[in-house]
Amino acid sequence: MEKREVEIAVISDVHLGTYGCHAKELLKYLKSIKPKMIILNGDIIDIWQFSKRYWPETHMKIIRKLMKFVVEGVPVYYLTGNHDELLRKFADMHMGAFHLQNKLVLELDGKKAWFFHGDIFDVTMQHSKWLAKLGAVGYDSLILLNSMVNWCLAVFGREKMSFSQKVKAKFKDAVKFINSFEQTAADLAIEKGYEYVVCGHIHQPEMREIITENGKVMYLNSGDWVESLTALEYTNKEWKVFNYEAKDFEKDEVEQGVLSDSEDLHSKLDINTLLQKIKLEIV
């Protein structure tokens, strides 16, 4: 597959280290694009549920691929989220083309864009972190159960289903939380004078203009790589939501195999080259 040129690719809520992570699909996506900048908008590595017992090769390949972008000089911004909040103590760290931050403001074709994960708007995170962590374990278990059910459905030729999306649709509080999250992000962005506000956190891909009595803003959410399998892309002054479709990558899978890596990341990722770039940047 010929690589698509993308000015900015925004990815969030990958949750590497959990059973629900679709690392194989994300790797295919990353290999299909030629970005000028990558923004990782939180919860890339799930430190809350990280376990040495579960770290598949595909999860490691994601790290290698991102590091390869850094070696090639592609700016990679890692914005911290709640599941990788331990990294916040190292915020504002810059090593070569890699930047670890809590938030990011960019000017895109004369318009200001504000990027941050969004967990700051989550009341549960602020006041009952233990409850949020318990919920994360429950969510991961639900996703694992959902995967097994979907496997059975596929065997019998039935359409796959999403347990969590059904839960969100059934409970009004979940819908209310999402609407409140989006409105709060929009209000704050308008107050600060931004034209775009880009979040993650709620695993709900979105791109819509929100108008209030104080102004308007384009609200964007990159979704996740647990269920939605989505990313945000900015090219030619326009944003769009990328939706992963397995059929679009079938040819690559046949040619390269499911777990192979035609770009040979092991040989191309020279750690010494990376360290030299970092040293030059510091000097």
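**Q** Could you give an account of the pattern of salt bridges, naming the residues involved and the relevant values?
**A** Think of it this way: side chains of opposite charge can pair up when their charged atoms draw near. With the rule as written, the count across this model stands at eight salt bridges. E233 is paired through a salt bridge with R4; the nearest N and O atoms lie 2.7 Å apart. Pair noted here: E233 is in strand 13 (residues 230-235) and R4 is in strand 1 (residues 4-6), with a separation of 229 residues, a long-range link. Classification of R4 as partly exposed rests on a relative accessible area of 30%. We note a salt bridge from R208 to E182, for which the minimum N-O separation is 2.7 Å.

**Q** So what about the nonpolar core? Which residues, and what values?
**A** Ranked by internal contacts, the top residues of the largest apolar core, which has 32 residues, are I11, Y29 and W225. The next biggest cluster of nonpolar side chains, apart from the first, holds 17 residues, and it includes V10, L104, L108 and L232.

**Q** Explain the side chain of T230 to me, and be specific about the residues and the numbers.
**A** Along the chain, T230 falls in strand 13. At a separation of 2.9 Å, a polar atom in the side chain of T230 contacts the main-chain carbonyl oxygen of S222. With sequence-adjacent residues up to four places away left out, T230 is seen in contact with P205, S222, G223, D224, W225, V241, F242 and N243.

**Q** Just give me the short version of unusual backbone geometry, but keep the residues and values in it.
**A** A positive phi angle is found at H15, which is not glycine, with a value near 60°. In this structure, D43 is a non-glycine residue whose phi angle is positive, near 55°. Turning to its location among the elements, D43 is positioned in the loop between strand 4 (38-41) and helix 2 (57-71).

**Q** Outline the pairing of strand 13, supporting the account with residue identities and numerical values.
**A** The two faces of a sheet get side chains in turn, since along a regular strand they alternate between them. Within strand 13, five of the six residues are buried, which leaves it mostly tucked inside the rest of the structure. Pairing of strand 2 (residues 8-11) with strand 13 involves three bridges; the strand directions are antiparallel. Directly across from V10, in strand 13, lies its bridge partner L232. Strand direction decides the pairing type here: strand 13 and strand 14 (residues 238-243), joined by six bridges, are antiparallel. Residue pairing in the sheet places A231 in a bridge with F242 of strand 14.

Conventions and cut-offs
Residues numbered from 1 in each chain as written. Predicted model: local features only at pLDDT ≥ 70, side-chain atom pairs only at ≥ 80, totals over all residues. Heavy atoms only, no water. Salt bridge = Lys/Arg side-chain N within 4 Å of Asp/Glu carboxyl O. Helix = DSSP H or I, 4+ residues; strand = E, 2+ residues; numbered from the N terminus. Buried < 20%, exposed > 50% of the residue type's maximum accessible area, 1.4 Å probe, protein only. Core = buried A, V, L, I, M, F, W, Y, C linked by side-chain atoms within 4.5 Å. Polar contact = N/O pair within 3.5 Å; in protein donor to acceptor, adjacent residues only side chain to side chain. Contact = heavy atoms within 4.5 Å. Pairing = 2+ DSSP bridges.

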